[in-house]
Amino acid sequence: MARHNTYDLICIGSGPAGQHAAIQAAKLGKKTALIEKQLRFGGACLETTTIPSKTFREAVRRMYVKPGLEMTDPMSYTSRARPSMSQLIPHVDRVIEREISVVHDVLCRNGVDLVQGYASFADPHTLRVESLEGHRILTADHILIAVGTRPSNPSDIVPDGQTVITSDHVMGLAALPRTMAVVGAGVIGIEYASMFGALGIQVTVIDQRPRPLEFIDHEIVDELIHQMRNNDVTFRCGESVEHIDIVQTPKRQGLVQLESSKHIVADVILFCAGRVGATDTLNLRATGLEADARGRLRVDATYRTEVDHIYAAGDVIGYPALAATSSEQGRLAACHMFGFAAHPMVDHFPVGIYAIPEISMVGATEEELTRDKIPYETGVARYKEIARGTILGDDSGLFKMLFHREDGRLLGCHCIGSGATELIHVGQAVLGLGGGLEYFLKTVFNYPTLAECYKVAAHNAANKLALLRHATGAVIPKAVTESGEIIRPAFTADGAPMLQEE
């Protein structure tokens, strides 16, 4: 006898992957339920990670008085006023409440059944959901695991939420500390270290790797480190934490002992050394699935696990673990499980790091191109050369494009500075459409905007390529040699290269 299940799809977890899978399935006419263990729907993305941290950053940025626009005497000094947590958190709470309402509304409008409680598998098609009201049994033809991740904890001490904390505890701090140690120089650690550094807190970043954010273009990371050091952030890279203790000095503080025998005392220790998949309570054994050592699940190109009707998406499957990519993974998983054609997610997705200053990138880095022996040329624009940068008071922003030296194709875009995560999308579009140098040399951008960086960087790259051709006779992109495009601004009347900033 054929089995009759209650739902076509049940999604476990209401973060970006679960939300978008449920909505997509509902739009395809499927009966769908969404299970969330928290009291409010939206997942960790809304409760503790993406939205809270980015909103906190914006509150810090607004409070952070950077001497510049208001100064007439370059030798004068303007002190920074340190706000309190009670001044920073209300904006975070308001944004979270609004976003939770938006998510709840869109799920209900699409007819998704919302189920609050802790889900675990009873068998491959059956879920037991425990809540304060008791338990209920739900069955489905397809199940999507989108439970996300949670912070890893130190091995030798339990976070208390005040002296030793994880990223989940930041918004719950009663007061801003005077000193902080951040263990882990990944995305989350760097974001929070830069925020607290901007508030005038003495921050020490500790990581066993030789440099932070190793997947980001090294020139961009070097600029970030420089700007964070200007805010009194200290970096201890290549150092491993041996032990964390609580001491009274006479107030309660954390003591970090490094393997090199160094000791770091801080009011707060923020532990950001990785995250683990939140799969340990799902009773995966009942399905035949097994998570890896970090709680993550393996999936194929369609986000299907080793059990045909069970899919997984979002942070629980690992890289890239971005809210934007998780949303698309959930949508594509729903399309595939019900046999609806959908284009796979493109390779060139943008990465945004909401530090102060923010960073964004799309495509290849210089290090990757060098490793793969791909000939390229760089085009650079600095915010101090862009009118909009001056207007914003940002004279340290840096924008860089990488072009293939032979055909001019755009290979990558990298930016640090105001609006970097917005600015990068122009490059993402051109990269996805296979465009390159020729497009940027022909295109007119609004003035004054940060988007002018594309024009300035393109001319910078074209001039370098023109110099290369003049010196070596090397083959360079058509856009650099065609009359009416770059010939006039790049060369003098006698054909010699004209060096210019634009």
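Residues numbered from 1 in each chain as written. Predicted model: local features only at pLDDT ≥ 70, side-chain atom pairs only at ≥ 80, totals over all residues. Heavy atoms only, no water.

Asker: Looking at this model, I keep getting lost on the pairing of strand β4 (residues 118-123). Mind explaining?
Answerer: The side chains of a regular strand alternate, residue by residue, between the two faces of the sheet. Taken together, the five bridges between β4 and strand β5 (residues 126-131) define a ladder with antiparallel strand orientation. Pairing of Ala119 across the sheet is with Val129, part of β5. In textbook terms, the turn of a hairpin is the stretch between consecutive antiparallel strands, and for β4 and β5 this stretch comprises two residues. (Pairing = 2+ DSSP bridges. Helix = DSSP H or I, 4+ residues; strand = E, 2+ residues; numbered from the N terminus.)

Asker: I tried to follow the side chain of Lys400 on my own but got confused; where do I start?
Answerer: Position of Lys400 relative to the elements: it lies in strand β21 (residues 398-404). The exposure class of Lys400 is buried, given its relative accessible area of 1%. Among the polar contacts listed, one links the side chain of Lys400 to the side chain of Glu366, at a separation of 2.6 Å. Apart from the residues within four sequence positions on either side, Lys400 is in contact with Asp217, Glu219, Glu366, Thr378, Gly379, Val380, Gly412, Cys413 and His414. (Buried < 20%, exposed > 50% of the residue type's maximum accessible area, 1.4 Å probe, protein only. Polar contact = N/O pair within 3.5 Å; in protein donor to acceptor, adjacent residues only side chain to side chain. Contact = heavy atoms within 4.5 Å.)

Asker: What is the right way to read the confidence of the model for the chain from this model?
Answerer: If pLDDT is low for a region, its predicted coordinates should not be looked at in detail. Mean pLDDT over the chain stands at 91; residues scoring 70 or higher make up 91%. Here residues 67-72 is modelled with pLDDT under 50, and outside its nearest four sequence neighbours on either side it reaches eight contacts, counting other chains as well. Counting interchain partners and residues more than four positions distant, the pLDDT-below-50 stretch residues 483-502 has 40 contacts. (pLDDT = per-residue confidence, 0-100.)

Asker: How should the packing of aromatic side chains be read in this particular structure?
Answerer: For any pair of aromatic rings, the description rests on two quantities: the centre-to-centre distance and the angle between the ring planes. One pass over the structure, following the stated rule, counts eight aromatic pairs. Residues Phe56 and Phe196 carry aromatic rings whose centres are separated by 5.7 Å and whose planes lie at 45° to one another, so their mutual orientation is tilted. Residue Phe56 is located in helix α3 (residues 50-63), and its partner Phe196 is located in helix α5 (residues 187-198); the two are separated by 140 residues in the primary sequence. In this pair, the class of Phe56 matches that of Phe196, namely buried. Taken together, a centroid distance of 4.6 Å and an interplanar angle of 65° make the contact between Phe399 and Tyr454 edge-to-face. Remark: Tyr454 occurs in helix α12 (residues 452-472) and Phe399 occurs in strand β21; sequence separation between them is 55 residues. Of the residues examined, Tyr454 reaches a relative accessible area of 0% and is grouped as buried. Through a chain of ring-to-ring contacts, the aromatic side chains of Phe399, Phe403, Tyr439, Phe440, Phe445 and Tyr454 assemble into a single cluster. Its guanidinium or amino end placed over the ring of Tyr7, Lys31 lies 5.2 Å from that ring's centre, counting from NZ or CZ. (Phe/Tyr/Trp six-rings, centres within 6.5 Å; stacked < 30°, edge-to-face > 60°. Lys NZ or Arg CZ within 6 Å of the ring centre and 35° of its normal.)

Asker: Honestly, the nonpolar core in this entry has me stumped. Any pointers?
Answerer: One recurring pattern in soluble globular proteins is that nonpolar side chains are buried together. Core analysis: the largest hydrophobic core is formed by 97 residues, its most contacted members being Phe56, Phe121, Leu144, Ile145, Phe196 and Val203. Per-element tally for this core: the top contributor is helix α4 (residues 85-109), with eight residues. For Val203, the contacting residues outside a window of four places in its chain are Met180, Val182, Ala193, Phe196, Gly197, Asp232, Val233 and Thr234. Core analysis: the second largest hydrophobic core is formed by 33 residues, Phe399, Met401, Cys415 and Ala451 among them. (Core = buried A, V, L, I, M, F, W, Y, C linked by side-chain atoms within 4.5 Å.)

Asker: How should the sheet that holds strand β13 (residues 252-258) be read in this particular structure?
Answerer: Picture the strands of a sheet paired through backbone hydrogen bonds; they go either parallel or antiparallel. Strands sit in the order β12-β13-β14 across an open sheet of three strands; the sheet is antiparallel. For this open sheet the edge positions go to β12 (241-248) and β14 (263-266), each flanked by a neighbour on one side alone. If you compare each strand with its neighbour and ignore which way they point, the axes differ by 20° on average. Of the pairings in the sheet, the one linking β13 to β14 comprises four bridges and is antiparallel in character. For Gly254, the partnering residue across the bridge sits in β14 and is Ala266. (Axes fitted to C-alpha atoms, helices over the stretch in contact; angles between N-to-C directions.)

Asker: Would you take a moment to explain the pattern of salt bridges for this structure?
Answerer: Charged atoms that come close allow side chains of opposite charge to pair. Scanning all chains against the criterion turns up 23 salt bridges. We note a salt bridge from Arg211 to Asp222, for which the minimum N-O separation is 3.0 Å. With Arg211 in the loop between β10 (202-207) and α6 (218-230) and Asp222 in helix α6, the pair connects residues that are eleven residues apart, well separated along the chain. With a relative accessible area of 42%, Asp222 lands in the partly exposed category. (Salt bridge = Lys/Arg side-chain N within 4 Å of Asp/Glu carboxyl O.)

Asker: Mind showing me how you'd approach the sheet that holds strand β9 (residues 179-183) here?
Answerer: Taken in spatial order, the five strands make up an open sheet running β8-β15-β9-β10-β11, and their pairing is parallel. The sheet is open, and its two borders are formed by β8 (164-165) and β11 (233-237), each paired with just one other strand. Of the pairings in the sheet, the one linking β9 to β10 comprises five bridges and is parallel in character. From the neighbouring strand, Val182 faces β10, where its bridge partner is Val205. Taken strand by strand, α5 contacts β9, β10, β11 and β15 (268-271), and its axis lies near 165° from that of β10.

Asker: I tried to follow helix α7 (residues 323-337) on my own but got confused; where do I start?
Answerer: In an α-helix, one turn spans 3.6 residues, which is why side chains three or four residues apart end up on the same side. With 15 residues, α7 extends 21 Å between its outermost C-alpha atoms, agreeing within 8% with the 21 Å of an ideal straight helix rising 1.5 Å per residue. Of the positions making up α7, those classed as buried are Thr325, Ser326, Ser327, Gln329, Gly330, Leu332, Ala333, Ala334, Cys335 and Met337. In this structure, the buried side of α7 is in contact with β1 (7-12), α1 (16-27), β6 (134-145) and β17 (310-312). After α7 finishes, the residue Gly339 shows a positive phi value of roughly 75°. (Expected span 1.5 Å × (residues − 1).)

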